[in-house]
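# A closer look at the structure
Each chain, written out:
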Amino acid sequence: MARTRLYRNGTLALEDFPVEDISEYITDPDAAVWLDLCAPGPADFAMISEEFGLHELAVEDARHDHQRPKLDHYRTHAFVSAYSVSTDPDSGLLTTHEISVFVTKTALITIRNDDSFDIEQVVARWDNNPDLAKHGVGFLLYGLLDVIVDGHFAAVQTLDDRIEEVEDLLFEDSRAQIDSVQRRSYELRKSLTRLRRVVIPMREVVNSLLRRDLHIVNEPLMPYYQDVYDHVLRATEWTESLRDMVTSIMETNLTVQGNRMNLIMKKVTSWASIIAVPTAVTGFYGQNVPYPGFSTEWGFVESTAAIVILSAILYVSFKRKDWI
């Protein structure tokens with residue numbers, strides 16, 4: 001699937017025109033062409049490589065999945081690899097969607113492996129800022145990066161909300177709640193680790209785009225890219241903070257479980273001490289030798305009274321110490 005747009009002198013001139021017509025527009029210095037390819041095949045890569053004069057290494061990176069977010073600069077174009085993210089609002093499970101971008105003087109080519117990334121958000125961002133369209137390809141790239149980084153920010157917010165929910169369950173006594181804290185903490189840590197791999201390299205990508213020697217971002221667009229860079233930094237710092245919070249939750253959960261175990265052992269030991277009293281007394285009086293009160297009624301009463309009194313003393317003592 002392919003989608004196209006043509007901007008000329010800051011105005012949307014054509015949309016969804018045939019890919020074969022691109023060669024007629026990319027030589028126009030006043031034009032900015034956008035080509036989006038979803039799940040492209042070998043023929044599509046061969047076409048854009050020949051049409052736009054793309055470097056074979058950049059095309060190879062676009063063809064293979066799981067690239068690191070980066071910006072590569074070649075003589076006639078730049079290559080950007082980035083990831084959009086989405087999160088499950090209930091579980092906080094994070095999913096990444098890779099997108100490759102070729103940036104030339106008059107064209108922006110986006111490559112998506114599937115339709116998981118909603119390109120309509122990018123189109124809407126462009127349509128909502130028509131006054132910036134006069135800046136050409138830099139404007140198109142800004143709209144794309146802004147949507148991607150906003151997605152990172154939204155994912156961090158969602159994960160933050162899920163972490164707060166786990167914190168509320170941390171001191172619950174229910175076995176189901178304890179298991180939920182352990183499972184969800186682990187899932188959130190995995191999501192944050194995955195998000196960190198995506199967000200942190202974006203600092204270098206956006207910061208490199210701000211370099212004036214690349215001539216991708218002109219002076220009027222600098223404040224907009226600076227705003228994107230600020231969002232990247234905030235998302236990065238927030239992600240690192242949440243990773244520390246999840247680690248703290250997992251450590252606190254282990255501490256709470258240890259304290260509960262100590263309390264249980266303390267109670268069991270206290271009751272065992274109480275039970276040991278009648279065991280000791282009856283064991284003593286069960287000797288097969290004569291002793292004071294042997295074979296007498298008052299001996300039985302005395303041993304029973306010793307059991308009751310000593311057990312009561314231990315119970316009251318343990319109760320005062322909150323051991324029972």
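Residues numbered from 1 in each chain as written. Predicted model: local features only at pLDDT ≥ 70, side-chain atom pairs only at ≥ 80, totals over all residues. Heavy atoms only, no water.

## Quick notes on the pairing of strand β6 (residues 94-103)
Rule in force here: Summary of the burial criterion: residues with accessible area below 20% of their type's maximum are buried, those above 50% are exposed, and those between are partly exposed, where the area comes from a 1.4 Å probe applied to protein chains only. A run of H or I in DSSP counts as a helix once it spans at least four residues, and a run of E counts as a strand once it spans at least two, with each numbered from the N terminus. Only when DSSP finds a minimum of two bridges between them are two strands counted as paired.
In terms of burial, β6 is largely enclosed, as eight of its 10 residues are buried. Pairing geometry for strand β5 (residues 78-87) and β6, over 10 bridges, is antiparallel. Pairing of Phe 79 across the sheet is with Phe 102, part of β6. Pairing between β6 and strand β7 (residues 107-112): five bridges, direction antiparallel. Bridge pairing in β7 places Phe 102 opposite Ile 109.

## Some details on the side chain of Arg 5
The condition that has to hold: In protein, a polar contact means a hydrogen-donor-capable atom and an acceptor-capable atom, both N or O and within 3.5 Å, with residues adjacent in sequence counting only if both atoms are side-chain atoms; elsewhere, any N or O pair within 3.5 Å suffices.
Inspection of the secondary structure assignment puts Arg 5 in strand β1 (residues 2-8). A polar contact of 2.9 Å, which involves the side chain of Arg 5, links it to the side chain of Asp 127.

## Examining the confidence of the model for the protein
We count it as follows: One number per residue, pLDDT, summarises how confident the predictor is, and it ranges from 0 to 100.
Averaged over the protein, the pLDDT score is 87; the fraction of residues at 70 or greater is 95%. The secondary structure element of the protein with the lowest average pLDDT is helix α7 (residues 297-320), at 79, and the one with the highest is β7, at 96.

## Digging into the environment of Pro 278
Of note, Pro 278 is situated in helix α6 (residues 222-285). Note: C-alpha distance between Pro 278 and Asp 28 (250 residues apart in sequence) is 101 Å.

## Considering the environment of Asp 131
The topology assignment puts Asp 131 in the loop between α3 (119-127) and α4 (137-169). The sequence separation of Asp 131 and Leu 210 amounts to 79 residues, and the corresponding C-alpha distance is 21 Å.

## Let's talk about the packing of α3 against α4
For clarity, the cut-off: Lines fitted to the C-alpha atoms define the axes, with helices restricted to the stretch that makes contact. Angles between their N-to-C directions range from 0 to 180 degrees. An angle below 35 degrees is treated as roughly parallel, one above 145 as roughly antiparallel, one from 65 to 115 as roughly perpendicular, and anything else as oblique. Less than a right angle of anticlockwise turn of the near helix away from the far helix marks a crossing as left-handed, whereas a clockwise turn marks it as right-handed. Here a residue-residue contact requires only that any non-hydrogen atoms of the pair lie within 4.5 Å. Each residue gets one label: Ala, Val, Leu, Ile, Met, Phe, Trp, Tyr, Cys and Pro are nonpolar, Asp, Glu, Lys and Arg are charged, and the others, such as Gly, are polar.
As a packed pair, α3 and α4 sit with axes 9 Å apart at the nearest point and diverge in direction by 125 degrees. Comparing the axis directions of α3 and α4 gives the class oblique. The two elements α3 and α4 cross, and the hand of that crossing is right-handed. From α3, Gln 121, Val 122, Arg 125 and Trp 126 reach across to α4, where they touch Phe 139, Leu 140, Gly 143, Leu 144, Asp 146, Val 147 and Asp 150. Its residues assigned to classes, the contact of α3 with α4 comprises six nonpolar, two polar and three charged.

## Topic: a negative patch on the surface
Note the threshold: Residues form patches when they are more than 30% accessible in relative terms and have no salt bridge. Like charges link within 9 Å. Nonpolar side chains (Val, Leu, Ile, Met, Phe, Trp, Tyr) link within 5 Å. In this description, accessible areas are obtained by the Shrake-Rupley approach with a 1.4 Å probe, and a residue is regarded as covered only by the protein chains that are shown. What makes a salt bridge here is a side-chain nitrogen of Lys or Arg within 4 Å of a carboxyl oxygen of Asp or Glu, nothing more. Under this rule, positive means Lys or Arg and negative means Asp or Glu; His and the chain ends count for nothing. Charge coordinates come from a single atom per side chain, which is NZ of Lys, CZ of Arg, CG of Asp or CD of Glu.
A surface patch of negative charge is lined by Asp 161, Glu 164, Glu 167, Asp 168 and Glu 172. With respect to the element layout, Glu 164 can be found in helix α4. According to the relative accessible area criterion, Glu 164 is partly exposed, its value standing at 40%.

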